[in-house]
Amino acid sequence: MKSLKLPIAVTAFCLAMICVTAQASLIWYGDPATGLSVFKQINIQDANDVNQGNPSPNGSSASVVSDSTYGQVFQFYKAVNDRRCEAHGANGFDAATGNTYYIGWRFRLNSTVDNNAIFQWKSYGSPMYQDYPFVLKMVGGNLELHYFGSNITDHVVWSGPISANTWYSAIIEVNVSSSWTGGKIYFWLNGSQKVNGYSGRTFDGSSVDPKWGIYGANTTQVTDKVEALKIGTTYADVDPDGGNGIDTSAVYQIQNIASSKVLNNQGSTTNGSPVSQWTSGTSTNLQWTFIPTSGGYY
């Protein structure tokens, strides 16, 4: 398959995209305008793991605040001497084995100090072997995806640097399975795929739930702003950056509305090879994937 670099708005060619993946379905939207009730509950604990109210005596709080970039957003303010300030679960959503879910959101940390998690795929009930099948956490200035095997054995799946006070978009695809080799994890950061089908067990205990916020970094004040929270069945369902419905993991045909023909690569993958229009069909010369670069371009 060829990669294609072109702007999201390709008005000069009047192109319309035809997606060959399954029909999209948005399962859950965490709209800040509706408040914290979009989550199953808020978890705030002190350094001794004692549950606290919202706000906590130390000052930790989960709330909706106004952000200069995105308007209303969720804010998880974890104070010094508290262990966590997190939203537990998406109200009305329960992950089921055999299903595939996409989870998308934006986040902005005020500090890149080491912590235990800014996102957890957390297990509850029994039998409990993993506790949290996988998490996103900060280690040494890097955002890392960690998978936990039997006896909570830690595996670093991916690591890359991020900056404080900067918005990032994250998308996770999880194939849910209680088999040790049956599940898969995919991860995109700012539209760039970082993890491509890491195999493992993604359903532990009696249930699993997503968690957003801050867990760990007990001696540091950490704020995690979160917005554009969605759970769906396709990448395009949950893409925080919209992408005009572009799924970077999908295969597309690109159609000229005027001629009804599709973009055709004339048989070579060498840079500068000619492209033309052709009648829609099954040839790989007519198949394209989108690779995001920057500034809304692919």
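To be clear, the structure that these remarks concern was listed above.
Nothing here was measured: the structure is a model prediction, and the numbers come from that model. (Residues numbered from 1 in each chain as written. Predicted model: local features only at pLDDT ≥ 70, side-chain atom pairs only at ≥ 80, totals over all residues. Heavy atoms only, no water.)

Enquirer: What exactly am I supposed to notice about the overall build of the protein chain here?
Expert: Each helix and strand counted, the protein chain has one helix and 22 strands in total. The 298 residues of the protein chain split such that 48% are buried. Looking at the protein chain alone, contacts between residues at least 24 apart form 64% of all its contacts between residues at least 6 apart. Summed over all atoms, the accessible surface of the protein chain reaches about 13000 Å², with 47% contributed by carbon and sulfur. (Helix = DSSP H or I, 4+ residues; strand = E, 2+ residues; numbered from the N terminus. Buried < 20%, exposed > 50% of the residue type's maximum accessible area, 1.4 Å probe, protein only. Contact = heavy atoms within 4.5 Å. Areas by Shrake-Rupley, 256 points an atom, 1.4 Å probe, with all protein chains shown as cover.)

Enquirer: What's the story with the packing of aromatic side chains in this structure? I'm lost.
Expert: How two aromatic rings sit relative to each other is set out by the distance from centre to centre and by the angle between their planes. Per the counting criterion, the structure on display carries 20 aromatic pairs. Relative to W212, the ring of W28 lies with its centre 5.7 Å away and its plane at 15°, an arrangement referred to as stacked. Of this pair, W28 sits in strand β3 (residues 26-30) while W212 is found in strand β17 (residues 207-215), placing the two residues 184 residues apart along the sequence. Classification of W212 by relative accessible area gives buried; the value is 1%. With a centroid separation of 6.4 Å and 75° between ring planes, the pair formed by W105 and W212 is classed as edge-to-face. Of this pair, W105 sits in strand β9 (residues 100-109) while W212 sits in strand β17, placing them 107 residues apart in sequence. Here the aromatic cluster, defined as three or more aromatic residues joined through ring pairs, consists of W28, F39, F74, F76, W105, F119, W121, F134 and W212. Of note, K122 hangs over the ring of Y124, and the distance from its end group to the ring centre comes to 4.5 Å. Lying over the aromatic face of W180, R201 brings its terminal NZ or CZ to 4.8 Å of the ring centre. (Phe/Tyr/Trp six-rings, centres within 6.5 Å; stacked < 30°, edge-to-face > 60°. Lys NZ or Arg CZ within 6 Å of the ring centre and 35° of its normal.)

Enquirer: Before we go on, may I ask you to explain unusual backbone geometry in this structure?
Expert: The general pattern is negative phi for most residues beyond glycine and trans for most peptide bonds. In this model, N54 is joined to P55 through a cis peptide bond whose omega is 5°. Positionally, P55 belongs in the loop between β5 (51-52) and β6 (61-67). For the bond running from S126 to P127, omega is -5°, close enough to zero to count as cis. Inspection of the secondary structure assignment puts P127 in the loop between β10 (117-124) and β11 (134-139). Of note in the backbone geometry, A217 takes a positive phi value of approximately 55° without being a glycine. Here A228, not a glycine, exhibits a phi torsion of approximately 60°, which is positive. Here A228 is to be found in strand β18 (residues 222-232). Look at A228 and you get buried, because its relative accessible area is 13%.

Enquirer: Before we go on, may I ask you to explain the sheet that holds β10 in this structure?
Expert: Pairing between the strands of a sheet is mediated by backbone hydrogen bonds and can be parallel or antiparallel. Taken in spatial order, the eight strands make up an open sheet running β5-β4-β8-β17-β10-β11-β12-β13, and their pairing is antiparallel. The open sheet terminates on both sides in strands that have one partner only, identified here as β5 and β13 (154-161). As defined by bridge partners, β11 adjoins strand β12 (residues 142-148) across six bridges and the pair is classed as antiparallel. In the strand pairing of β12, L136 is matched with L145. (Pairing = 2+ DSSP bridges.)

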